[in-house]
Amino acid sequence: MSITLPDFAEVPLASPLANSPEDYDRIRKAVAYITRKAQHQPSLEDIAGHVGLSVSHFHHLFRRWAGITPKDFLAAVTLDRARDLLRDSASILDATYELGLSGPARLHDLFVTHEAMTPGSFKTGGAGLTISYGFHPSPFGTALVMVAPLGLAGVAFADPGEEAVALADMRKRWPNAELREDSMVTAPYAGRIFDPSRWQADRPLNVVMIGTDFEVRVWRTLLKIPMGRATTYGNIASHIGNPKASRAVGAAVGRNPLSFVVPCHRVIGCSGELTGYHWGLTRKQAMLGWEGGRVRSGTA
């Protein structure tokens, strides 16, 4: 089964992988500041000063990271924008890309082929399975990328110095699997995930979903949310035929092992509040702002 995911426009900027963890830390602080001060519309000078950079340096760094200007990002993180993300959210999940309904963002050229791991492998905690892992730079900080024989099996994030914590968190999902650090294996996957210029229809990204039947159903539903849009836990519960399962849906979203690729960051509260995110609310805000800013500026 092949599913298309919404695209990040290919803009003539440096690859997001060129950003260092220190760059992301500055961006993280800027995103948090913009979020807190959005209603006051802080100036570029204010934001740059908050992260200790000159205006020109900050503007260049932010645009290299996001592909949009800080002003576009600020416009994307307002409460009105968060509420707008939810517009027609229920019907979004009923739409199919085969019918050409993709929300405000154009269809991109990356096909993700996914399958669920066999129930036996899941129940045994991955016994007999070898998973390669590696840490790689990304637009949202250091990314932990995990690869099983059938394809991409995990994506997580870590702030500087917290790599071991992220690895321990992901290791719990496969307590009996053998994990081997091998960045040579994981680097091509990191490139495919975070570098839009490498998203190609004739080279599907193989993704392995490892979870219970209920969790996999939730994660597959997340793949239907277009970039620049969002939905609620309740809408997902209704879509999978269990409208009273909002809490269970929330738990499944939180256990998503393929962060960013399976866009759990596009699930927000019914009031427009961002609610939580396993890898940090600021990181979720950064992802939504990046996506929303590209849609808003017409680069997606």
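This is a predicted model, so every value here is computed, not measured.

The rules behind the values
Residues numbered from 1 in each chain as written. Predicted model: local features only at pLDDT ≥ 70, side-chain atom pairs only at ≥ 80, totals over all residues. Heavy atoms only, no water. Buried < 20%, exposed > 50% of the residue type's maximum accessible area, 1.4 Å probe, protein only. Helix = DSSP H or I, 4+ residues; strand = E, 2+ residues; numbered from the N terminus. Arc of directions from axis to C-beta. Salt bridge = Lys/Arg side-chain N within 4 Å of Asp/Glu carboxyl O. Core = buried A, V, L, I, M, F, W, Y, C linked by side-chain atoms within 4.5 Å. Contact = heavy atoms within 4.5 Å. Axes fitted to C-alpha atoms, helices over the stretch in contact; angles between N-to-C directions. Parallel < 35°, antiparallel > 145°, perpendicular 65-115°, else oblique. Pairing = 2+ DSSP bridges. Phe/Tyr/Trp six-rings, centres within 6.5 Å; stacked < 30°, edge-to-face > 60°. pLDDT = per-residue confidence, 0-100.

Trainee: Tell me what's going on with helix H12 (residues 246-254), and back it up with residues and numbers.
Mentor: Those residues of H12 not exposed but buried are Val 249, Ala 252 and Val 253. Buried residues of H12, seen end-on, are gathered within an arc of 100° and therefore sit on one face of the element.

Trainee: Just give me the short version of the pattern of salt bridges, but keep the residues and values in it.
Mentor: Scanning all chains against the criterion turns up seven salt bridges. Arg 26 is the salt-bridge partner of Asp 23, the closest N and O atoms lying 3.5 Å from each other. On the criterion of helical spacing, the pair formed by Asp 23 and Arg 26 is a turn pair, its members being three residues apart in helix H1 (residues 21-37). Arg 26 gets classed as partly exposed once you look at its relative accessible area, which sits at 30%. A salt bridge links Asp 25 to Lys 29; its shortest N-O distance comes to 3.6 Å.

Trainee: Help me get a handle on the nonpolar core, residues and values and all.
Mentor: If you look at the biggest cluster of nonpolar residues, it comprises 72 residues, and the most contacted ones within it are Trp 65, Phe 140, Leu 152, Phe 157 and Leu 222. Look past the residues within four positions of Leu 152 in its chain and what remains in contact with it is Val 145, Met 146, Tyr 189, Ile 193, Leu 205, Asn 206, Val 207, Val 208, Leu 258 and Val 261.

Trainee: For the packing of helix H10 (residues 213-222) against H12, give the residues involved together with the corresponding values.
Mentor: For the pair H10 and H12, the least separation of the axes is 9 Å and the interaxial angle reads 75°. Between H10 and H12, the angle falls in the class roughly perpendicular. Counted together, Phe 214, Glu 215, Val 218, Trp 219 and Leu 222 of H10 and Ala 248, Val 249, Ala 252 and Val 253 of H12 form the full contact between these two elements.

Trainee: Tell me about unusual backbone geometry, and please be specific about residues and values.
Mentor: Backbone geometry at Gln 41 places phi at a positive 50°, although glycine is not the residue there. Within the secondary structure, Gln 41 is located in the loop between H1 and helix H2 (44-50). Judged by relative accessible area, Gln 41 falls into the partly exposed class, the value being 47%. Of note, Phe 260 is a non-glycine position whose phi angle comes to about 75°, a positive value. The topology assignment puts Phe 260 in the loop between H12 and helix H13 (281-297). With relative accessibility at 7%, the residue Phe 260 sits in the buried group.

Trainee: I'd like to hear about the pairing of strand S3 (residues 130-136), residue by residue, with values.
Mentor: With five of seven residues buried, S3 lies mostly within the body of the structure. Alignment of S3 against strand S6 (residues 178-181), held across four bridges, turns out to be parallel. Following the sheet pairing, Tyr 133 is matched in S6 by Glu 181. Of the strand pairs in this sheet, S3 and strand S4 (residues 142-148) are connected by five bridges, and their pairing is antiparallel.

Trainee: How would you explain the packing of aromatic side chains if you had to name every residue and give the values?
Mentor: In total, this model carries four aromatic pairs according to the counting rule given. Residues Tyr 133 and Phe 135 carry aromatic rings whose centres are separated by 6.3 Å and whose planes lie at 85° to one another, so their mutual orientation is edge-to-face. Its relative accessible area of 25% is what places Phe 135 among the partly exposed residues. Between Phe 140 and Phe 157, the aromatic rings sit 6.4 Å apart at their centres with planes inclined by 90°, giving edge-to-face as the arrangement. You can see Phe 140 sitting in the loop between S3 and S4 and its partner Phe 157 sitting in strand S5 (residues 151-158), a full 17 residues away along the chain. Across this residue pair, the class does not change: Phe 140 and Phe 157 are buried. Each residue in the set Phe 140, Phe 157 and Phe 260 is aromatic and connected to the rest through ring pairs, giving one cluster.

Trainee: Break down the confidence of the model for the chain for me, with residues and values.
Mentor: Overall, the predicted model of the chain reaches an average pLDDT of 77, with 72% of residues at or above 70. Within the chain, strand S1 (residues 2-6) has the poorest average pLDDT of any element, 33, and S6 the best, 96. The low-confidence segment residues 1-16 (pLDDT under 50) makes 61 contacts with residues lying over four places distant or belonging to another chain. Long-range and interchain partners of residues 95-111, a stretch whose pLDDT sits below 50, account for 46 contacts in this model, where long-range means more than four residues apart.

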